[in-house]
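Structural description and commentary
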Amino acid sequence: MPFPNAIRLVEVAPRDGLQNEPEPIDTATKLELIDRLGAAGIRYIEAASFVSPKWVPQMADHRDVMAGLTRREGVTYSALTPNLKGLEAALECGVEEVAVFGAASETFSHKNINCSIAESLERFAPVLERAKDAGVRVRGYVSCVLGCPYEGEIPPAKVADVSKALYEMGCYEVSLGDTIGTGTPLKAKRMLEAVAKDIPIDKLAAHFHDTYGQALANLYAVLEEGIAVIDSSVAGLGGCPYAKGASGNVASEDVIYMLNGMGIESGIDLDKLAETGQWITLAIGRPNRSKVGVAMAAK
Ligand SMILES: CC(C)(COP(=O)([O-])OP(=O)([O-])OC[C@H]1O[C@@H](n2cnc3c(N)ncnc32)[C@H](O)[C@@H]1OP(=O)([O-])[O-])[C@@H](O)C(=O)NCCC(=O)NCCSC(=O)C[C@@](C)(O)CC(=O)[O-]
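Residues numbered from 1 in each chain as written. Predicted model: local features only at pLDDT ≥ 70, side-chain atom pairs only at ≥ 80, totals over all residues. Heavy atoms only, no water.

Worth spelling out the cut-off: UniProt positions are given in the numbering used here, feature names are shortened, and annotations may be inferred rather than shown by experiment.
Per an unreviewed UniProt entry, the chain is named hydroxymethylglutaryl-CoA lyase, and its organism is Litchfieldella anticariensis. Looking at the chain in UniProt, the text filed under Catalytic activity (unreviewed entry) is "(3S)-3-hydroxy-3-methylglutaryl-CoA = acetoacetate + acetyl-CoA".

Considerations on the site of the ligand
How we decide: We call a residue near a molecule or strand as soon as one heavy atom of that residue lies within 4 Å of the molecule or strand. Here a polar contact means two N or O atoms within 3.5 Å. Within protein one must be a hydrogen donor candidate and the other an acceptor candidate, and residues neighboring in sequence count only if both atoms are side-chain atoms. What sets the accessible areas is the Shrake-Rupley method with a 1.4 Å probe; for residues, cover comes only from the shown protein chains. Helical segments are the DSSP runs of H or I of at least four residues, strand segments are the runs of E of at least two, and each set is numbered from the N terminus. As a working rule, the residues Ala, Val, Leu, Ile, Met, Phe, Trp, Tyr, Cys and Pro are called nonpolar, Asp, Glu, Lys and Arg charged, and the rest polar, with Gly in that last group.
Near the ligand lie 27 residues; those nearest to it are N83, N112, N114, S143 and T179. In this structure, a nitrogen atom belonging to the ligand sits 3.4 Å away from a main-chain N or O atom of V51. For the ligand, whose unbound accessible area comes to 1100 Å², protein coverage reaches 76%. If you list the elements that add at least two residues to the shell around the ligand, you get α1 (13-17), α4 (84-92), α5 (106-113) and β5 (137-143). The residue inventory of the shell around the ligand, partitioned by class, reads 12 nonpolar, 10 polar and 5 charged.

Quick look at the UniProt feature "domain: Pyruvate carboxyltransferase" (unreviewed entry) in the chain
On the UniProt side, "domain: Pyruvate carboxyltransferase" (unreviewed entry) is annotated at positions that read residues 7-274 here. End C-alpha to end C-alpha, residues 7-274 measures 19 Å, and it is 41% helix and 16% strand.

So, the environment of L223
As a reminder of what qualifies: Note on definitions: a residue-residue contact is assigned when non-hydrogen atoms from the two residues lie within 4.5 Å.
Within the secondary structure layout, L223 lies in helix α9 (residues 215-224). Separated by 216 residues in sequence, L223 and I7 have C-alpha atoms that sit 9.3 Å apart. Each residue touching L223, except ones within four places of it in the same chain, is listed here: P2, F3, P4, I7, I230, M258, L259 and M262.

Focus on the packing of helix α10 (residues 252-262) against helix α12 (residues 291-298)
As a reminder, the rule being used: For every element, the axis is a line fit to its C-alpha atoms; helices are fit only across the contacting stretch, and the angle between N-to-C directions ranges from 0 to 180 degrees. Oblique is the label for any angle not covered by the other classes, which are roughly parallel (under 35 degrees), roughly antiparallel (over 145) and roughly perpendicular (65 to 115).
At their nearest, the axes of α10 and α12 sit 6 Å apart, and the two run at 85° to each other. One way to sum up the angle between α10 and α12 is to call them roughly perpendicular. The residues of α12 that touch α10, namely those facing E253, D254 and Y257, are K291, V292 and G293. Taken together, the residues that form the contact of α10 with α12 break down as 2 nonpolar, 1 polar and 3 charged.

Notes on the pattern of salt bridges
Condition: Whenever Lys or Arg places a side-chain nitrogen within 4 Å of a carboxyl oxygen from Asp or Glu, that contact is recorded as a salt bridge. Each residue gets one of three labels from its accessible area relative to the maximum for its type: buried under 20%, exposed over 50%, partly exposed in between, using a 1.4 Å probe on protein chains only.
By the definition in use, this model includes 16 salt bridges. For the salt bridge of K30 with D61, the shortest nitrogen-to-oxygen distance reads 2.8 Å. Pair noted here: K30 is in helix α2 (residues 27-39) and D61 is in the loop between β2 (44-49) and α3 (62-68), with a separation of 31 residues, a long-range link. What makes K30 buried here is its relative accessible area of 3%. Here R137 and E97 are joined by a salt bridge, their closest N and O atoms 3.3 Å apart. Here the residue R137 occupies a position in strand β5, and E97 occupies one in strand β4 (residues 97-103), the gap between them amounting to 40 residues. Among the residues examined, R137 registers a relative accessible area of 43% and is labelled partly exposed. On the basis of relative accessibility, which here comes to 2%, the residue E97 falls in the buried class. When salt bridges that share partners are traced, they join R8, R139, E173 and D231 into one network.

Let's talk about helix α11 (residues 270-284)
This is how the line gets drawn: Working rule for helices: expected span equals 1.5 Å times residues minus one.
Across its 15 residues, α11 extends 21 Å between first and last C-alpha, which sits within 8% of the 21 Å expected from 1.5 Å per residue. Within α11, the full set of buried residues consists of L270, L273, A274, T276, G277, W279, I280, T281 and I284. Tucked into the core, α11 has its buried residues touching α2, α10 and α12. For α11, the N-terminal cap is D269; the gap from its side-chain oxygen to the backbone nitrogen of D271 is 3.0 Å. Taken from the residues just after α11, G285 is the one with a positive phi, measuring 65°.

With respect to the packing of α2 against α11
Where α2 meets α11, the axes come as close as 9 Å, and the angle between the chain directions of the two elements is 170°. Put simply, α2 runs roughly antiparallel to α11. For the pair α2 and α11, contact is made by T29, E32, L33, R36, L37 and A39 and by K272, L273, T276, W279, I280, A283 and I284, respectively. For the contact of α2 with α11, a count of residues per class yields 8 nonpolar, 2 polar and 3 charged.

So, α10
Within α10, burial applies to S252, E253, D254, V255, I256, M258 and L259. In this structure, the buried side of α10 is in contact with β1 (8-11), α9, β8 (229-232), α11 and α12. At the exit of α10 stands G263, carrying a positive phi of roughly 70°.

Next comes the structure, spelled out in C-alpha cells:
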C-alpha cells in the first residue's frame with residue numbers, strides 16, 4: 001500500500017505524558033502546554049483523564065483542565081473516561097470527545113482498570129450509549145498490543161478480538177497501544193494485519209511507546225500498511241503508571257521530522273513544536289527525550 005499523503009497527529013502529552021510524573025504539576029502549566037500545542041498546529045489534543053484520583057493523582061485536576069482550556073477553532077480536546085462516572089463528569093465540563101481504554105492482556109486489564117477484559121467491555125457499553133446520546137464521539141484504546149509487562153507475548157488474534165469488540169460497540173477509531181514499547185517493525189505489521197481483517201485501516205491509529213527505541217521504525221512499518229493516525233507525545237514525555245519502566249510515547253517532534261522528510265502532510269509547525277518540547281521539559285524538570293527536539297535546540 002502507498003504511504004498516506006497526510007496524517008492526523010493525536011498529541012497525548014497533557015494526558016499520557018504527564019499522568020506518571022512523580023511531582024505534582026500545576027493546572028496552569030498543563031493549560032499552557034495545551035495552548036502551545038494548539039499554536040503549533042496540532043488539531044487533536046488529549047487534554048485530561050477522568051479517572052479515579054486515587055489511582056492516578058496527576059490527573060485529579062481533570063475538571064479544572066477541561067474548564068480552563070482556551071479552545072482554538074478546529075481543535076478537538078479529548079479526555080479518557082473509563083466508566084460512566086468519568087463520562088458524566090467530562091460531559092459536565094463540555095467535552096466533545098472521550099476515549100475508553102481496554103487491553104489485550106487480562107493481567108494488564110486488572111492492574112490498570114481493576115477488571116477483566118470482558119468486564120471492561122461490559123463497562124464501556126453504557127459509556128458508548130450515553131456518549132452517543134450526548135453527541136460525543138468515543139475513541140477506543142487497546143493496550144499491550146505488542147507485549148505485556150506481566151504476560152509477555154500477546155497473540156495478534158487477542159488484539160484483534162478486543163479491537164473488534166470496541167469498534168463494533170461504536171468506537172469511531174481504535175488506537176493500538178504498544179504500552180511498553182517492546183514491538184519491532186515486522187511484529188507491528190503482523191499485529192496490524194490481524195486487526196485490519198475486521199476493522200478498516202482508516203479507523204485504526206498507532207500509539208507506540210519508545211521504551212526500546214523502536215517506535216519510529218514501527219511507525220514507518222505501519223504507515224506502509226496505510227495507518228494515517230499517529231499518537232505521540234511532545235518531548236517523548238510519559239509512561240504508564242501500571243507498566244513499570246515504560247517510557248513515553250514516541251516524541252511528536254521526531255514523528256513530524258520523519259513525516260516531513262517523507263513528504264507526508266501533518267499541518268504542524270516543527271519549530272513551534274520543538275520550542276514547546278523544550279519549554280515543557282524545563283518547566284517540569286525532565287529531560288527532553290526527542291532527538292529532533294534536542295538537536296534543534298542545540299543549533
Ligand atoms: C477504572 C477505575 C476507576 C476502576 O477503579 P475501581 O476501584 O474498580 O472503581 P470503583 O467503581 O469500585 O470505585 C472506587 C472509587 O473510585 C471512584 N471512581 C470510580 N470511577 C471514577 C472516575 N471515573 N473518576 C473519579 N473517581 C472514580 C469511586 O467513586 C470510588 O471512590 P471512593 O468511594 O472509594 O471514594 C480505576 O481503576 C482507575 O481510575 N484506573 C485508571 C487507570 C489509568 O488511568 N491508567 C492510565 C491510563 S491508560 C494508559 O495509559 C494506556 C494508554 C491509553 O495510553 C494506551 C497504551 O499506551 O497502552
